[in-house]
Amino acid sequence: MAQFLSRFPVPETIDHLPDDLKERILAVQEKAGFVPNVFLMLAHRPLEARAFFDYHDALMERESDTLTPSEKEMIVVATSSRNQCLYCVVAHGAILRIYSKNPLVADQVAINHKTADISERERVMLDFALYISQDVGELNDDWEQKLQSVGFSQDDIWDIGSITGFFGLSNRLVSLTNTPPNPEFYLMGRIPKEQ
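Residues numbered from 1 in each chain as written. Predicted model: local features only at pLDDT ≥ 70, side-chain atom pairs only at ≥ 80, totals over all residues. Heavy atoms only, no water.

(A) Broad picture of helix α8 (residues 141-149). By the burial criterion, the buried members of α8 are Trp143, Glu144 and Leu147. Buried residues of α8, viewed axially, fall in a sector of 100°; they line one side. Among the exposed residues of α8, those oriented more than 90 degrees off its buried face are Asp141, Asp142, Gln145 and Ser149. Of the surrounding secondary structure, the elements contacted by the buried residues of α8 are α7 (120-134) and α9 (154-177). N-cap assignment for α8: the residue whose side-chain oxygen lies 3.2 Å from the backbone N of Asp142 is Asn140. In the stretch just after α8, Gly151 is the one whose phi turns positive, near 105°. (Buried < 20%, exposed > 50% of the residue type's maximum accessible area, 1.4 Å probe, protein only. Helix = DSSP H or I, 4+ residues; strand = E, 2+ residues; numbered from the N terminus. Arc of directions from axis to C-beta. Contact = heavy atoms within 4.5 Å. Polar contact = N/O pair within 3.5 Å; in protein donor to acceptor, adjacent residues only side chain to side chain.)

Structure below.
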């Protein structure tokens, strides 16, 4: 029996997708060993899938002033947890565990970043990300000063806001479609790989 991936149609194969999307999916499959369900869910609308992946890469793969890949994933995990998005908490929790080389941090951040074993800088960053995702989200002088006092540049602040906003969209699409996380994500980064 095929796994349920979306309340909307998903392609039975990727053969009929535009070549660039097919190549992107195959590259991820080659690297991860599986195709993330969200890729297939988004393939329902190839033009939107392309824009989604391009924006994702522009945010998550670009080098920020001081924001690390691990901190970017913390933002995704904390805000996705607050948005009750199981897919993003599980998938990005796996990536956070791998980037941070810490098998505990993703679960701690997902439940309560205020008690997680993270730095004060990261705590302030997540306070701001949750303020953006759950509250007014306006960058005022107090927030800017607080973020800069723990080492974030103005460009980093833009990144924190953009990542939060983008994954708010992602959370809502996954909730809309009822797309489950791949089982493989649950174990990634929890147990060190054998040499």
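Following the structure, the description resumes.
(B) How the structure looks around the packing of aromatic side chains. For the structure on display, the rule yields ten aromatic pairs. Note on Phe34 and Phe185: the rings are 5.1 Å apart at their centroids and 85° apart in plane angle, and the pair reads as edge-to-face. One end of the pair, Phe34, is in the loop between α1 (19-32) and α2 (37-42); the other, Phe185, is in helix α10 (residues 183-187), with 151 residues separating them in the sequence. In this structure Phe34 comes out as buried when scored by relative accessible area, which is 7%. We classify Phe185 as buried; its relative accessible area is 7%. Among the aromatic residues, ring-to-ring pairing joins Phe39, Phe52, Phe53, Tyr55, Phe166 and Phe167 into one connected group. Sitting over the ring of Phe152, Arg121 keeps its end group 3.8 Å from the ring centre. The lysine or arginine in question, Lys146, covers the ring of Trp143, its NZ or CZ lying 4.5 Å from the ring centre. (Phe/Tyr/Trp six-rings, centres within 6.5 Å; stacked < 30°, edge-to-face > 60°. Lys NZ or Arg CZ within 6 Å of the ring centre and 35° of its normal.)

(C) Expanded view of the nonpolar core. Ranked by size, the top nonpolar core spans 55 residues in total, and within it Val109 and Ile160 carry the most contacts. What Ile160 contacts, discounting residues up to four positions off in sequence, is Leu67, Ile75, Met125, Phe128, Ala129, Leu147 and Phe152. (Core = buried A, V, L, I, M, F, W, Y, C linked by side-chain atoms within 4.5 Å.)

(D) Summary view of a nonpolar patch on the surface. Taken together, the side chains of Leu86, Tyr186 and Leu187 make up a nonpolar region of the molecular surface, amounting to roughly 320 Å² of accessible area. Assignment of secondary structure puts Tyr186 in helix α10. (Patch = residues over 30% accessible without salt bridge, like charges linked within 9 Å, V, L, I, M, F, W, Y side chains within 5 Å. Areas by Shrake-Rupley, 256 points an atom, 1.4 Å probe, with all protein chains shown as cover. Salt bridge = Lys/Arg side-chain N within 4 Å of Asp/Glu carboxyl O.)

(E) Here's a closer look at the environment of Glu184. With respect to the secondary-structure elements, Glu184 resides in helix α10. Glu184 sits in the partly exposed class, given a relative accessible area of 38%. Along the chain, Glu184 and Val90 lie 94 residues apart, while their C-alpha atoms are 9.7 Å from each other.

(F) Here's a closer look at the state of the cysteines. The tally for this structure, following the rule as stated, stands at zero disulfides. Cysteine Cys85 remains unbridged, with the sulfur of Cys88 as its closest cysteine sulfur at 3.6 Å. (Disulfide = S-S within 2.5 Å.)

(G) Local environment of the pattern of salt bridges. Taken as a whole and assessed by the stated rule, the structure comprises eleven salt bridges. The closest approach of N and O atoms between Asp155 and Arg62, which form a salt bridge, is 3.0 Å. Highlighted residues: Asp155 in helix α9 and Arg62 in the loop between α3 (46-60) and α4 (69-82), separated in sequence by 93 residues. Assessed through its relative accessible area of 32%, Arg62 is described here as partly exposed. Close ionic contact of Arg62 with Asp159 constitutes a salt bridge, the shortest N to O distance being 2.7 Å. Within this pair, whereas Arg62 is found in the loop between α3 and α4, its partner Asp159 is found in helix α9, the two being separated by 97 residues in sequence.

(H) The environment of Ala116, seen in detail. Tracing the chain through its elements places Ala116 in the loop between α6 (105-112) and α7. A relative accessible area of 5% means that Ala116 is categorised as buried. In sequence terms Ala116 and Leu104 are twelve residues apart; their C-alpha atoms lie 9.1 Å from each other. Every residue in contact with Ala116, bar those within four places of it in the chain, is listed here: Gln108, Val109 and Arg123.

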